[in-house]
Amino acid sequence: MPRRPIGGGGSRKLAAVDLPALGLGCMGMSDFYGHADRDESIATIHAALDQGMVLLDTGDFYGSGHNEMLIREALSGRRREDVFIAVKFGGMRSPDGGFVGIDTRPAAVKNALAQTLRRLGTDYVDLYQPARLDPAVPIEDTVGAVKEMIDAGYVRHLGLSEVGATTLERASAVHPVRWLQIEYSVLSRGIEAEILPAARRLGIGISAYGVLSRGLLGSDWRQRAEALDPRDFRAHLPRFSGDNLVHNLALAEVLSVIAGEKAATPAQIAIAWVLAQGPDIVPLIGARRRTRLTEALGALDIHLDSGDLARIRDAIPAEAVAGTRYDAGQMRMLDSERRPPMD
């Protein structure tokens, strides 16, 4: 699998880490999208590793620890050094699965990491990142705690998730940030104005999730949109409701046209588009089944030329999507969506 230099250069002159061009997002194997088959999930992780996709992305709150334990089971018998495990922390869950807040105080950082190491069955994680900015805790305090864990050998790299340009600057002043994990797709391009330029100036890579806009850009969405599992959180997202859904599916039609010309699928074109946005971007593929993984890997063989990219941008302007990425409550938690006040 081709590799990409992530988090190198910039104002801190941090040496890059080479990672495979695609990573596996494991969240859906435990949470948010309804039932997932355990055996198939483990088989999908094995297939990804066998194909050279060594980056496994998880969160300690995915299934309230279930996802980390699933990954531990999948990695049994494999060499730890052959896998790059990225973990998000800070999300707090109640016994019924609800979210009850964010906690990234230094003591909470260290406590969460201790639990993660035990669930994963490892003595270090490759990258550790707060899932959201905690409004009650200065980012310098959270990053300082992760830095202590890096110095102690429990963490290799610092990451951030869903933060804006100013927060990137502040965090980088404390410790080099390896990547920013943030949603990026042909339908979610909010990072292009300020966040992506800031990340590149600082030498911070991008770990892009939601590259298929949670299935909107997949080829079979029209057939299954009306039959969502009641536990599937997409049923509550603005982009998947009513006229918004009709509008967004129409926007994405250009991907089907280009896919037909290249003997590909719309999902493969969507992934190839993200890959084409720069060598410092690693898309995360949220495949829960081996068939989906195989389809995603096919995107590596697709070349989108300047004409293809222009057609997609003309058909899907940056602000054309209908509906926000999350519901109103979740949107208020996203530092990446905050805009400075007008003078």
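Because the structure is predicted, anything quoted here is derived from the model rather than measured. (Residues numbered from 1 in each chain as written. Predicted model: local features only at pLDDT ≥ 70, side-chain atom pairs only at ≥ 80, totals over all residues. Heavy atoms only, no water.)

1. Here's the deal with helix α11 (residues 290-297)
Of all the residues in α11, the buried ones are Leu-293, Glu-295, Ala-296 and Leu-297. Where α11 is buried, its residues touch α1 (38-50), α10 (266-275) and β12 (281-285). (Buried < 20%, exposed > 50% of the residue type's maximum accessible area, 1.4 Å probe, protein only. Helix = DSSP H or I, 4+ residues; strand = E, 2+ residues; numbered from the N terminus. Contact = heavy atoms within 4.5 Å.)

2. Topic: the sheet that holds β12
Read around the closed barrel, 8 strands run β3-β4-β5-β8-β9-β10-β11-β12, paired in parallel fashion. Strand after strand, the sheet turns through a mean of 30° between neighbouring axes, direction not considered. Summarising the sheet, strand β9 (residues 155-161) and strand β10 (residues 179-183) pair through 3 bridges and their orientation is parallel. The residue of β10 that forms the bridge with Leu-160 is Leu-180. Against the sheet, helix α4 (residues 139-151) engages β5 (84-89), β8 (125-130) and β9, with an angle of about 160° to β9. (Pairing = 2+ DSSP bridges. Axes fitted to C-alpha atoms, helices over the stretch in contact; angles between N-to-C directions.)

3. Section: unusual backbone geometry
Phi is positive for Ser-64, close to 50°, though the residue is something other than glycine. Residue Ser-64 is classed as partly exposed on the basis of its relative accessible area of 46%. Backbone geometry at Ala-263 places phi at a positive 50°, although glycine is not the residue there. By secondary structure assignment, the location of Ala-263 is in the loop between α9 (253-261) and α10.

4. Examining the pairing of strand β4 (residues 55-59)
Burial within β4 is extensive, with 5 of its 5 residues counted as buried. Note that the unit made of strand β3 (residues 23-25), α1 and β4 has a crossover that is right-handed. Pairing of β4 with β5 involves 5 bridges; the strand directions are parallel. Directly across from Thr-58, in β5, lies its bridge partner Val-87. You can see the chain leave β4, run along helix α2 (residues 66-75) and come back into β5, and the turn it takes is right-handed. (Right-handed = clockwise from strand over helix to strand, strands pointing away.)

5. Quick notes on the pairing of strand β1 (residues 3-6)
Judged by which residues are buried, β1 turns out to be one-sided: Arg-4 and Ile-6 face inward and are buried, whereas Arg-3 and Pro-5, on the alternate face, are not. Here 4 bridges tie β1 to strand β2 (residues 17-20), and the two strands are oriented antiparallel to one another. Across the sheet, Arg-4 pairs through a bridge with Leu-19, a residue of β2.

6. Observations concerning the packing of aromatic side chains
Under the criterion given, the structure shown has 5 aromatic pairs. Judged by centre distance (5.9 Å) and plane angle (75°), the rings of Phe-61 and Phe-99 are edge-to-face. Of this pair, Phe-61 sits in the loop between β4 and α2 while Phe-99 sits in strand β7 (residues 99-102); the two residues are 38 residues apart in sequence, bridging distant segments of the chain. A relative accessible area of 40% places Phe-99 in the partly exposed class. Members of the aromatic cluster, joined through ring pairs, are Phe-61, Tyr-62 and Phe-99. The ring of Tyr-124 has Arg-80 sitting right over it, with the charged end atom 4.0 Å from the ring centre. (Phe/Tyr/Trp six-rings, centres within 6.5 Å; stacked < 30°, edge-to-face > 60°. Lys NZ or Arg CZ within 6 Å of the ring centre and 35° of its normal.)

7. Here's the deal with the pattern of salt bridges
Using the criterion set out here, one finds 22 salt bridges in the structure. Where Asp-39 meets Arg-38, a salt bridge forms, and the shortest distance between an N and an O atom there is 2.1 Å. Between Arg-311 and Glu-261 there is a salt bridge, with its nearest N and O atoms 2.9 Å apart. A residue pair is termed long-range when its members are at least 10 positions apart, and Arg-311 in helix α12 (residues 306-315) and Glu-261 in helix α9 qualify at 50 residues. For Arg-311, a relative accessible area of 32% gives the class partly exposed. The network of salt bridges with shared partners includes Arg-38, Asp-39 and Glu-73. (Salt bridge = Lys/Arg side-chain N within 4 Å of Asp/Glu carboxyl O.)

8. Quick notes on the environment of Ala-250
Along the chain, the position of Ala-250 falls in helix α8 (residues 242-251). Exposure remark for Ala-250: the relative accessible area of 51% places this residue in the exposed category. When the C-alpha atoms of Ala-250 and Ala-315 are compared, they prove to be 9.8 Å apart, with 65 residues separating the residues in sequence.

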